[in-house]
Amino acid sequence: MVELTQERTIDRSHMQVSDEVAIEIRNMNKWYGSFHVLRDVNLTVQRGERIVICGPSGSGKSTLIRCINRLEEHQSGDIIVDGTELSSDLKNIDKIRSEVGMCFQHFNLFPHLTILENCTLAPIWVRNTPKKEAEETAMHFLEKVKIPDQAHKYPGMLSGGQQQRVAIARSLCMKPRIMLFDEPTSALDPEMIKEVLDTMIELAEEGMTMLCVTHEMGFAQAVANRVIFMDQGQIVEQNEPTEFFNNPQSERTQLFLSQIIGH
Amino acid sequence: MSDTHAQTVPYVRKTMVEQSPPPASEIGVVKWLRENLFSGPLNIILTLISLWVVYWVVSHVGPWLINGIWDADSLSECREIRNATMGEGTSAACFGVIGERWQQLVYGFYPKEAYWRPVVALLVFFAGLAPVLFASLPRKLLYFTMASPFLMFMLLWGGSIWGPIAVALGFGVGYAAIKLISPINGLLGTVAAIVLPILYWFLIAGPLAGAVNSVLPIGLEYIPSKDFGGFLLSSIIGVAGIFLSLPLGILLALARQSDLPIIKWCAVTFIEVIRGVPLIVWLFTASLLLNYFLPPGTNFDLMLRVIIMVTLFSAAYIAEVVRGGLAALPKGQYEGADSLGLNYWQSMQLIILPQALKISIPGIVNTFIGLFKDTTLVVFIGLFDPLGLAGAIRASTEWNGIYWELFLFIGIMFFIACFSMGRYSLYLEKKLQRDHR
Ligand SMILES: Nc1ncnc2c1ncn2[C@@H]1O[C@H](COP(=O)(O)OP(=O)(O)OP(=O)(O)O)[C@@H](O)[C@H]1O
Ligand SMILES: [Mg+2]
């Protein structure tokens, strides 16, 4: 676990949560074949909220956030993102995907394109942004994640932490209204975890709506305004971070927390 | 390691060890020889056997090549020259046949006064190919590349200039359909872009070309397909097959991965049926059976039929090679593209295919080389490829009885073409190398 709070004071001035609903999930169920992965999930995310999702391996955390931008299809219930309901209509899906950024555990950068091209590709092709403008935006975000000097290298030449920051910049170039993170730091060495978390904290400070699957409890305590604990495809407990960590209600949560805080 | 315990446990290095050159026994020719050729009893024996085989081949073929006689008009003249200058029974090739007949091997029965046309067509081909092969050339040249197939057709077959132009306009029709209709309805635009050009080609292109030609007859002398032969024929079939089968093969590979069962099963059936039957059978089908299916009186060029068959045949192989490349890509690449909001065709064109094709380059080029060599099979359906012509030359009275020299020439020509393809594929692989592995 990487300690963050001592080293850095977090600017909460922009971190207000508005009444506007960003994501609404109602009675959502998903099966893989006959395996019931997500069971009756209900979740409302306000705009500006930062939610950390944790839970044991195989509990369906990845599946849940992948359903939000339809990398996985749910079989029953509703998911409404930014007022658009996720259905099999391809137009809706592409629209939602371009509004929702996603960062993966293994970065998923495009190895045949330079860092800059990785960042400008979607704005140019999906948003029809002129190339020059897209490049300016890309450089702006690369500066933000502190790697503008790597812009003309290929992803294979960067360290893991740098690659993940590029992946974040690549998503930001689409000016998303919501960001999803699926264990963005779990493939990284401790040194690099910190640089990625710093980038994510900065994002939070700017008021981005964020859903993060992560086991970085320091991060959860620092920026989350809600922590969700999942087990066996269900939301078992959710609470604001201090309460969640100091006073967990369910037995499952207590067990889980004792295990991860233990080491 | 006796001092291990003498040291106190914490250890800090005070001086760094500098890099030094390797010992002398690790470099030089002698070391190379010992390590690579004479490193053990087995290796010594193998080296000696190889040396003997090389000597044996060179000592037999060498004199034959060096003594080769170039200025003779017939095999008997060759023999006379040999007997007069080198004595009877000396081993000597008779390359006179190549000097006298190379034009036939290269052009077939193409009219002599029009030999310049295939030559110019070849130049057009390379000029059109260059910007495709070498990304450093200006992209504007690609417009010439697009025009080059029509230009080459015009040069090779001749006839009215309006025919190729009318056909080319069909692509304009398709492009216009996409540009005008797609913004209104994407699916309708795609369908229109396929259907409209086809309708145009079947119904309008012919009469249009005829009408314009009657007003303004410009063109080259028409040369029928049956006059084509030799390397000209092989190259046309090979090049057309290669350039048509690549896009078709890619589409088939994508279709085979499709989520829509109908598309998927059509692709699978097509690939399996085509692959499962020898090419020669397809060529016979092209030359004989199609006549039964086509309405009587249609004159469907045999060469065109062969090109279609060869294309379909290699497309099936390309599809499987490309499918391997697609399968080798990590799932994360598809998800990365999806999560950014790229649609199916965009993610294929920008993310998936560039990487999958890169992986597939060796397999694709392998298929192309096979295709090019397989063009010699057309000899069995009565087209005169270089081998067919070699047969014809040997049947003539002057050259009756000659064969090594002709086959050597043909072999070298094919080797040059195939070897360059192989080299280009290596160049491309190196150039596209993006990771440190
Ligand atoms: N494509 C799939 N087909 C079948 N089962 C799957 C598939 N993907 C995931 N599962 C199963 O669904 C369950 C939930 O998986 P998921 O990846 O969402 O877990 P997770 O909470 O993200 O776990 P982790 O912390 O290990 O990433 C697991 O039991 C997994 O085995
Ligand atoms: Mg996961």
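Because the structure is predicted, anything quoted here is derived from the model rather than measured.

Novice: What's the story with the domain arrangement of chain B in this structure? I'm lost.
Specialist: By a widespread convention, an interface's size corresponds to the accessible area lost as its parts come together. Domain boundaries in chain B define domain 1 (25-66), domain 2 (100-110 + 223-436) and domain 3 (161-220). Taking the mean C-alpha position of each, domain 1 of chain B and domain 2 of chain B sit 39 Å from one another.

Novice: Before we go on, may I ask you to explain the site of ligand 1 in this structure?
Specialist: All names here are of chain A. Surveying the vicinity of ligand 1 reveals the residues Tyr32, Phe35, Val37, Pro56, Ser57, Gly58, Ser59, Gly60, Lys61, Ser62, Thr63 and Glu183. One of the side-chain N or O atoms of Ser57 is found 2.6 Å from an oxygen atom in ligand 1. Ser62 places a side-chain nitrogen or oxygen 2.5 Å from an oxygen atom of ligand 1. For ligand 1, the protein covers 59% of the area, taking 640 Å² as the surface of the free molecule. Looking at the shell around ligand 1, its residues break down into 4 nonpolar, 6 polar and 2 charged.

Novice: I'm lost on the side chain of Glu237 of chain A in this one. Help?
Specialist: Residues and elements named next belong to chain A. Positionally, Glu237 belongs in strand β10 (residues 234-239). This buried residue, Glu237, is left without a salt bridge; Arg252 holds the nearest opposite charge, at 9.8 Å. Engagement of the side chain of Glu237 in a polar contact is seen with the backbone nitrogen of Gln249, the distance being 2.8 Å. Within the structure, Glu237 has its side chain in polar contact with the backbone nitrogen of Ser250 (distance 2.9 Å). The contacts of Glu237, once residues within four sequence positions are left out, are Val227, Ile228, Phe229, Phe244, Asn247, Pro248, Gln249, Ser250 and Thr253.

Novice: Explain the sheet that holds strand β1 (residues 21-32) of chain A to me, please; I cannot follow it from the model alone.
Specialist: Sheet strands pair via backbone hydrogen bonds, and the direction of the pair is either parallel or antiparallel. All names here are of chain A. Spatially, β2-β1-β4-β5 is the arrangement adopted by the 4 strands of the open sheet, whose pairing is antiparallel. Each edge of the open sheet is held by one strand with a lone partner, namely β2 (35-46) and β5 (84-85). Note: β1 against β2, 8 bridges, orientation antiparallel. Within β2, the position partnered with Ile25 by the bridge is Leu43.

Cut-off values and rules
Residues numbered from 1 in each chain as written. Chains lettered and ligands numbered in written order. Predicted model: local features only at pLDDT ≥ 70, side-chain atom pairs only at ≥ 80, totals over all residues. Heavy atoms only, no water. Domains from an automatic or database assignment. Near = heavy atom within 4 Å. Polar contact = N/O pair within 3.5 Å; in protein donor to acceptor, adjacent residues only side chain to side chain. Areas by Shrake-Rupley, 256 points an atom, 1.4 Å probe, with all protein chains shown as cover. Nonpolar A, V, L, I, M, F, W, Y, C, P; charged D, E, K, R; others polar. Helix = DSSP H or I, 4+ residues; strand = E, 2+ residues; numbered from the N terminus. Buried < 20%, exposed > 50% of the residue type's maximum accessible area, 1.4 Å probe, protein only. Lys, Arg positive; Asp, Glu negative; His and termini not counted. Salt bridge = Lys/Arg side-chain N within 4 Å of Asp/Glu carboxyl O. Contact = heavy atoms within 4.5 Å. Pairing = 2+ DSSP bridges.

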